[in-house]
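Coordinate inspection notes
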Amino acid sequence: MIKKSFLLLAAAAIPAQAIAADLGTDAGEAVSNTFSVTYDVNGSTQTGVSASVGFVVDRKINLTVAESGGTVTDVSVGASDAVTTFTVTNKTNDTMDFRLTAANVATNGVDDFFDVVSPTAYVESGLTAGYQAAEDTATFIDDLAEDDSVTVYIVSDGPTTGTNNQTAKVTLTAIASSNGSAAANDYSASGANNNATVDNLFADAGNDGEESADDTYRLQSATLTLTKVATVIEDPVRGTSNPLAVPGAVVEYCLRVANGGSADATNLSFSDNVPANVTAVLSGADFLFRTNDTSCTATDGADEDVDASDGGDTDGGIGSLTGTGGTNGNGVLSAVLSTVPATETRTVRFRVIVD
């Protein structure tokens, strides 16, 4: 009579550190299983026999891409290095590389009205917080540990044209790749399981090893409206009572700049040719800048003289004047306005005497 007993012994070579908190056993870990049999013959214990089988843990490829911050990025026409921010998270049971692409989304006429120029993806280096052109130069993600995240920026130049407050969308796509470079060498899903090799299973939302997210740019521009008014201030006969533009009369030109946009206009520079038959007056009292002067009238706004000596004027450095008075149209007045803030106005006033 033969009496048999069976003992199943399992030995799995899984070191404790290989088990990630959320993602399971690392890809490539070996798992072995031994089946052993001991038995007796006529009461005598025989040498046991065993059989073993093993496999390696396969790669469960998963990732997420998300826009960071929840706010739009303001950009102006012709601006450089406008930044949108994303987070890429490796949900794979393996350290992974990811190839990155940045692109304008197709125009849909609802929330995407223009294209930014040359959108490019860059990876945060970790040296200094926020995008730093000299530091954040990598264009692909290299060796991102499982369950870790990294910040990725799309850096773009402003559009060549557009309307204030229009928006544009860009898309960041991260693609599971196996070669640690920007070149395409993407993972593909495996077919039948092979116990001896690390097979690949896509478990991301699209089951394709790549994920995307959008972020938004908003065009902020200065919209300038220019007006020019000529007012006779006084003449040699009537003085300031209903003066006329006769020879010897003083005429004031008011150049009004209104910014109806949502961004400040800075460093405005313009010139004005002194017209024929008049001579420009260049003293501080006769050349003024004014803030929030809505109609070029003497009672609007606050005066800013070109010097600091005239009583009653506020000297805050909002503009500067150069030029010559000339006669018969020979002179040129040049003025610089430091800033015209969004929704505000500035005026430049100068006076001439009729020849």
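Not measured: the values here are computed from a predicted model.

Side note on the packing of aromatic side chains
Counted by the stated rule, this structure contains 3 aromatic pairs. Residues Y122 and Y131 carry aromatic rings whose centres are separated by 6.0 Å and whose planes lie at 35 degrees to one another, so their mutual orientation is tilted. Their ring planes at 65 degrees and their centres at 5.6 Å tell us that Y131 and Y153 sit as a pair that is edge-to-face. Placement of the pair is Y131 in the loop between β12 (117–123) and β13 (140–144) and Y153 in strand β14 (residues 149–157), with a sequence separation of 22 residues. For Y131, a relative accessible area of 19% puts it in the buried group. Residue Y153 is classed as buried on the basis of its relative accessible area of 5%. One aromatic cluster is present, formed by Y122, Y131 and Y153 through successive ring pairs. Over the ring of Y253 we find K228, and its NZ or CZ is 4.9 Å from the ring centre.

Comments concerning the pattern of salt bridges
Enumeration over the complete set of coordinates arrives at 8 salt bridges. Note that R59 is salt-bridged to D94, the shortest N-O span being 3.0 Å. Taken together, the residues span a long stretch of sequence, with R59 in strand β7 (residues 59–61) and D94 in the loop between β10 (82–90) and β11 (96–104) at a distance of 35 residues. Of the charged contacts in the structure, one is a salt bridge between K91 and D147, with a shortest N-O distance of 3.2 Å. On the criterion of sequence distance, the pair formed by K91 in the loop between β10 and β11 and D147 in the loop between β13 and β14 is long-range, its members being 56 residues apart. Through salt bridges with shared partners, one network takes in E252, R349 and R351.

Re the nonpolar core
In terms of nonpolar packing, the biggest core is built from 30 residues, with V88, F98, L100, I141, V152 and L172 touching the most fellow members. Put simply, the parts of the chain that give this core at least two residues each are β8 (63–67), β10, β11, β12, β13, β14, β15 (167–177) and β17 (210–219). At 5 residues, the largest contribution of residues to this core is made by β15. The contacts of L100, once residues within four sequence positions are left out, are A121, V123, T139, F140, I141, V152, L172, T173 and A174. Counting 20 residues, the second-largest nonpolar core is a separate cluster that includes L255, V257, A265 and F287.

Brief notes about the sheet that holds β13
Ordered by their spatial adjacency, 5 strands build an open sheet running β9-β17-β15-β11-β13, and the pairing between neighbours is mixed. Strands with a single pairing partner mark the edges of an open sheet, and in this sheet they are β9 (73–75) and β13. Averaged over all adjacent pairs, the angle separating strand axes in this sheet is 30 degrees, with direction ignored. The pairing of β11 with β13 spans 3 bridges and is classified as antiparallel. Bridging from a neighbouring strand, R99 pairs with F140 of β13.

Details of the side chain of S156
On the secondary structure map, S156 appears in strand β14. A distance of 3.0 Å separates the side chain of S156 from the side chain of Y217, its partner in a polar contact. When neighbours within four sequence positions are excluded, S156 is seen to be in contact with S80, D81, A82, V116, V117, S118, P119 and Y217.

Considerations on the sheet that holds β12
Reading across from one edge, β8-β10-β14-β12 is the order of the 4 strands in this open sheet, with antiparallel pairing throughout. The open sheet has two edge strands, β8 and β12, and neither has a second partner. Direction aside, neighbouring strands of the sheet carry axes that sit 25 degrees apart on average. Bridge count for β8 against β10 is 5 bridges, and the pairing is antiparallel. Across the sheet, residue L63 finds its bridge partner in β10, namely N90.

Cut-offs and rules
- Residues numbered from 1 in each chain as written.
- Predicted model: local features only at pLDDT ≥ 70, side-chain atom pairs only at ≥ 80, totals over all residues.
- Heavy atoms only, no water.
- Phe/Tyr/Trp six-rings, centres within 6.5 Å; stacked < 30°, edge-to-face > 60°.
- Helix = DSSP H or I, 4+ residues; strand = E, 2+ residues; numbered from the N terminus.
- Buried < 20%, exposed > 50% of the residue type's maximum accessible area, 1.4 Å probe, protein only.
- Lys NZ or Arg CZ within 6 Å of the ring centre and 35° of its normal.
- Salt bridge = Lys/Arg side-chain N within 4 Å of Asp/Glu carboxyl O.
- Core = buried A, V, L, I, M, F, W, Y, C linked by side-chain atoms within 4.5 Å.
- Contact = heavy atoms within 4.5 Å.
- Pairing = 2+ DSSP bridges.
- Axes fitted to C-alpha atoms, helices over the stretch in contact; angles between N-to-C directions.
- Polar contact = N/O pair within 3.5 Å; in protein donor to acceptor, adjacent residues only side chain to side chain.

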